[in-house]
Amino acid sequence: MADSPASEPSPAGLPWYVAGSQLLGLACVVITGVWMGHYRGGYAWDGSAQEFNVHPLCMVLGLVFLYGDAILVYRVFRNENKRTVKILHALIHVMALIISIIGLVAVFDFHAKAKIPDMYSLHSWCGMLTFVLFCLQWLMGLSLFLFPGASPWLRSWYLSLHVFFGLAIFSLAVATCLLGITEKLLFSITSTYSKFAPEGVLANTLGLLLVGFGVLVGYIVTREEFRRPPHPEEEALSMHFKTLTEGESPSSP
């Protein structure tokens, strides 16, 4: 149709980088599942150690893999309507939020049943900070960018902060997972960890894959040529904003 945005080919290399990120992200989820399922006894919801195992799986799936994919949608769906991409971005974040809440409930419930103190480790502090910031980031993005009502000036001012904190929270989520991996290994296999026990090697590999996923997502998002190209309707809105704020003519080139 005439009013549809012109489709532009993806920049060279972008599909390969995105495919690589998905392989790394899925590998992180699968290895976490194998670690908790094979080495730590599986999953349950009965207050046992198997309920704790739900926690790392949910956090890697929600706050790392799905969060990373939510960040990437503006690079992957380059020629789709921007509002459609915004809705997809928000929906993936909703999925990440729900899964993360399940993971948090699992660990707090396990601690309550096992009489283990809460929130004393650096991992738990960073994890709670990550989750709270994630919730605030999602609420701010939802209210300013998806629903009508916010002024164009406020949206424009907050956009750079939204992008910065999105990557910062994602980086914090990866770092918190690394702290959690180390903490779990030291609690579980203290006597054999230094002897390159298979469980330790698997968990260390998971840590490297998490770093790789985080770095690749960050690279894709920050590389200038991978940015979403401006579409006609977006350029019109941008010109209208300049007209309101700077007195420029909408017909100026």
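Above: the structure in question.
Note that this is a predicted model, so its numbers are computed, not measured.

## A word on the nonpolar core
The biggest cluster of nonpolar side chains holds 52 residues, and the ones touching the most others in it are Trp 35, Val 64, Phe 170 and Leu 210. When residues of this core are traced back to their parent elements, those giving at least two are helix H1 (14-39), helix H3 (54-76), helix H4 (82-114), helix H5 (122-146), helix H6 (152-188) and helix H8 (198-222). If you tally residues by element for this core, the top one is H3, at 14 residues. Once you skip the residues sitting within four places of it in the chain, Val 64 turns out to touch Met 59, Phe 170, Ala 173, Val 174, Cys 177, Leu 210 and Phe 213.

## Re a nonpolar patch on the surface
Taken together, the side chains of Trp 45, Ile 98, Ile 101, Ile 102 and Val 105 make up a nonpolar region of the molecular surface, amounting to roughly 460 Å² of accessible area. Residue placement: Ile 98 occurs in helix H4. Among the residues examined, Ile 98 registers a relative accessible area of 48% and is labelled partly exposed.

## Re the pattern of salt bridges
All chains considered together, the criterion is met by four salt bridges. As a salt-bridge pair, Glu 225 and Arg 223 come within 2.4 Å of each other at their nearest N and O atoms. Residue class for Glu 225 comes out partly exposed when judged on its relative accessible area of 41%. Residue Arg 223 is classed as partly exposed on the basis of its relative accessible area of 24%. Arg 227 is paired through a salt bridge with Glu 224; the nearest N and O atoms lie 3.0 Å apart. The class for Glu 224 is exposed, based on a relative accessible area of 53%.

## Examining the packing of aromatic side chains
Tallying each qualifying case throughout the model produces 10 aromatic pairs. Between Tyr 67 and Phe 134, the ring centres sit 5.2 Å apart and the planes meet at 70 degrees, which makes this aromatic pair edge-to-face. Residue Tyr 67 is found in helix H3, and its partner Phe 134 is found in helix H5; the two are separated by 67 residues along the sequence. Classification of Tyr 67 as buried rests on a relative accessible area of 1%. The exposure class of Phe 134 is buried, given its relative accessible area of 1%. Ring pairs connect the aromatic residues Phe 65, Tyr 67, Phe 134, Phe 170 and Phe 213, which therefore count as one cluster.

## Some points on the packing of H5 against H6
Closest axis-to-axis distance for the H5/H6 pair is 9 Å, and the angle between their directions is 155 degrees. When the axis of H5 is compared with that of H6, the two are roughly antiparallel. The way H5 lies across H6 gives a crossing that is left-handed. Classifying every residue of the contact of H5 with H6 gives 16 nonpolar, nine polar and two charged.

## Side note on the environment of Val 64
Take Val 64: it is sitting in helix H3. Note: C-alpha distance between Val 64 and Val 174 (110 residues apart in sequence) is 6.4 Å.

Reading guide: rules and limits
- Residues numbered from 1 in each chain as written.
- Predicted model: local features only at pLDDT ≥ 70, side-chain atom pairs only at ≥ 80, totals over all residues.
- Heavy atoms only, no water.
- Core = buried A, V, L, I, M, F, W, Y, C linked by side-chain atoms within 4.5 Å.
- Buried < 20%, exposed > 50% of the residue type's maximum accessible area, 1.4 Å probe, protein only.
- Helix = DSSP H or I, 4+ residues; strand = E, 2+ residues; numbered from the N terminus.
- Contact = heavy atoms within 4.5 Å.
- Patch = residues over 30% accessible without salt bridge, like charges linked within 9 Å, V, L, I, M, F, W, Y side chains within 5 Å.
- Areas by Shrake-Rupley, 256 points an atom, 1.4 Å probe, with all protein chains shown as cover.
- Salt bridge = Lys/Arg side-chain N within 4 Å of Asp/Glu carboxyl O.
- Phe/Tyr/Trp six-rings, centres within 6.5 Å; stacked < 30°, edge-to-face > 60°.
- Axes fitted to C-alpha atoms, helices over the stretch in contact; angles between N-to-C directions.
- Parallel < 35°, antiparallel > 145°, perpendicular 65-115°, else oblique.
- Left-handed = near helix turned anticlockwise from the far one by under 90°.
- Nonpolar A, V, L, I, M, F, W, Y, C, P; charged D, E, K, R; others polar.

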